[in-house]
Amino acid sequence: MRHLLEIDDLSVDELQHVLALAQSKAPPQVLQGKGMALVFEKPSLRTRNSMEMAVFQLGGLPVYIQADEIGLDTRESVEDVTNTLAGFHAAIGARVFEHSKVERMAEVDRVPIVNLLSDAAHPMQALADALTIIEEFGSVEGRTVAYIGDSNNVTRSLGLAVGMLGGVFRIASPSEYSFGEDDLALLRSTGGTVETMVDPYEAVEGCDVVYSDVFTSMGQEAETAIRLKAFADYQIDGDLMRAAGDAVFLHCLPAHRGEEVTSEVVDSPASRVWKLAENRMHAARGYLAFALGEMS
Ligand code: CP
Ligand code: NVA
């Protein structure tokens, strides 16, 4: 039983295999006649659509479920919902607030669980990030990814993926929003190089990829004003991209134009954001092809 709660639930070999499957032109019909439940506690554009299309391309039926409607942990416990859905579906994906909810689903261990974003991790995003970097540069190995902004779920999964694939990961965050020792130890456990700094200009020097995410993640909206102030010097604008030289720009999206990034950068020739968004579907298909049994 394969669960993907964080990207390092895959070995390095498995991660490379999933990325190869993501680039395959012939999707194995591993979900023929089967369904996948997609449970969302939070909004989504890319994750929902990429998962639904990936399931469809693998021959299956995606069933979108709003957590509010089924009362996840209010009308029924996470475990009871998981056991019920496991009777209908070959796999369950879930976007949740607390990471413990996807852990509880995985503990039921009836069908593969896929984390579609939790407060701790966003592994399906990291798969697409890696795929996009590979398409751009041929490999992640030896490339430097400079992440600018909040040290969050996207940062953690991206940093793990970059480290697993032999890249250098730099994080520029204000000190009060930087990773603590535990997270840095986790990222370094891949054997990858992780560098932290407060100055975005230092982070982008000689890098290959500049990466951005929102300053205020879903669920943190009450902190918006304080975060906008704290991250005022972390906007990716034309000047920062010029300092980054030939680097490409990635953002998991949605972008808050005028906050963490300017429109000038999102819409610039260096931007690969639409390619990355599309790659969410290819990465999802590659992962499901792997997890649901087509191992080669
Ligand atoms: N990047 C991403 O996960 O986008 P959505 O929140 O729209 O799914
Ligand atoms: N860090 C963001 C990512 C959105 C795709 C969030 O959790 O809201």
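Keep in mind the model is a prediction, meaning the values are calculated, not measured.

Points about the site of ligand 2
Link 1 in the chain: Ligand 2 sits among Leu-117, Asn-152, Asn-153, Val-154, Asp-213, Val-214, Ser-217, Met-218 and Leu-253.
Link 2 in the chain: At 2.8 Å, a side-chain N or O of Asn-153 approaches an oxygen atom of ligand 2.
Link 3 in the chain: Take Asp-213: an N or O atom from its side chain is 2.7 Å from a nitrogen atom of ligand 2.
Link 4 in the chain: The class makeup of the residues in the shell around ligand 2 is five nonpolar, three polar and one charged.

Let's talk about the site of ligand 1
Link 1 in the chain: Neighbouring residues of ligand 1: Ser-44, Leu-45, Arg-46, Thr-47, Arg-95, His-122, Gln-125, Cys-252, Leu-253 and Arg-280.
Link 2 in the chain: Contacts to ligand 1 include Arg-46, whose side-chain N or O atom sits 2.9 Å from an oxygen atom.
Link 3 in the chain: A distance of 3.0 Å is found between a nitrogen atom of ligand 1 and a side-chain nitrogen or oxygen belonging to Gln-125.
Link 4 in the chain: Contact with the protein chains removes 95% of the 250 Å² of surface that ligand 1 exposes when unbound.
Link 5 in the chain: For the shell around ligand 1, the class distribution of residues is three nonpolar, four polar and three charged.

Description of the packing of helix α4 (residues 78–88) against helix α5 (residues 99–108)
Helix-helix packing is described using two parameters, namely the angle between the two axes and the distance between the axes.
Link 1 in the chain: Contact pair α4 / α5: the axes reach a minimum separation of 9 Å and the direction vectors enclose 50 degrees. Judged on the interaxial angle alone, α5 and α4 are oblique. The hand of the α4/α5 crossing is right-handed. Contacts from Val-78, Glu-79, Thr-82 and Asn-83 in α4 reach Lys-101, Arg-104, Met-105 and Val-108 in α5.
Link 2 in the chain: Along the lines of polarity and charge, the residues of the contact of α4 with α5 split into three nonpolar, two polar and three charged.

Some thoughts on the side chain of Ser-157
Link 1 in the chain: Within the secondary structure layout, Ser-157 lies in helix α7 (residues 153–164).
Link 2 in the chain: Taking the relative accessible area as the measure of exposure, Ser-157 reaches 0% and is therefore buried.
Link 3 in the chain: Each residue touching Ser-157, except ones within four places of it in the same chain, is listed here: Glu-6, Ile-7, Ala-121, His-122, Pro-123 and Ala-126.

With respect to helix α1 (residues 12–22)
Link 1 in the chain: Every buried residue of α1 is listed here: Leu-15, Val-18, Leu-19, Leu-21 and Ala-22. Take α1 and look down its axis: the buried residues cluster within an arc of 160 degrees, on one side only.

Details of unusual backbone geometry
Link 1 in the chain: Note that the residue after Leu-253, namely Pro-254, is joined by a cis bond; omega there is 5 degrees.
Link 2 in the chain: Unusually for a residue other than glycine, Asp-109 sits at a positive phi of about 60 degrees.
Link 3 in the chain: With respect to the secondary-structure elements, Asp-109 resides in the loop between α5 and β4 (113–115).
Link 4 in the chain: Residue class for Leu-253 comes out buried when judged on its relative accessible area of 9%.

About the criteria used
Residues numbered from 1 in each chain as written. Chains lettered and ligands numbered in written order. Predicted model: local features only at pLDDT ≥ 70, side-chain atom pairs only at ≥ 80, totals over all residues. Heavy atoms only, no water. Near = heavy atom within 4 Å. Polar contact = N/O pair within 3.5 Å; in protein donor to acceptor, adjacent residues only side chain to side chain. Nonpolar A, V, L, I, M, F, W, Y, C, P; charged D, E, K, R; others polar. Areas by Shrake-Rupley, 256 points an atom, 1.4 Å probe, with all protein chains shown as cover. Axes fitted to C-alpha atoms, helices over the stretch in contact; angles between N-to-C directions. Helix = DSSP H or I, 4+ residues; strand = E, 2+ residues; numbered from the N terminus. Parallel < 35°, antiparallel > 145°, perpendicular 65-115°, else oblique. Left-handed = near helix turned anticlockwise from the far one by under 90°. Contact = heavy atoms within 4.5 Å. Buried < 20%, exposed > 50% of the residue type's maximum accessible area, 1.4 Å probe, protein only. Arc of directions from axis to C-beta.

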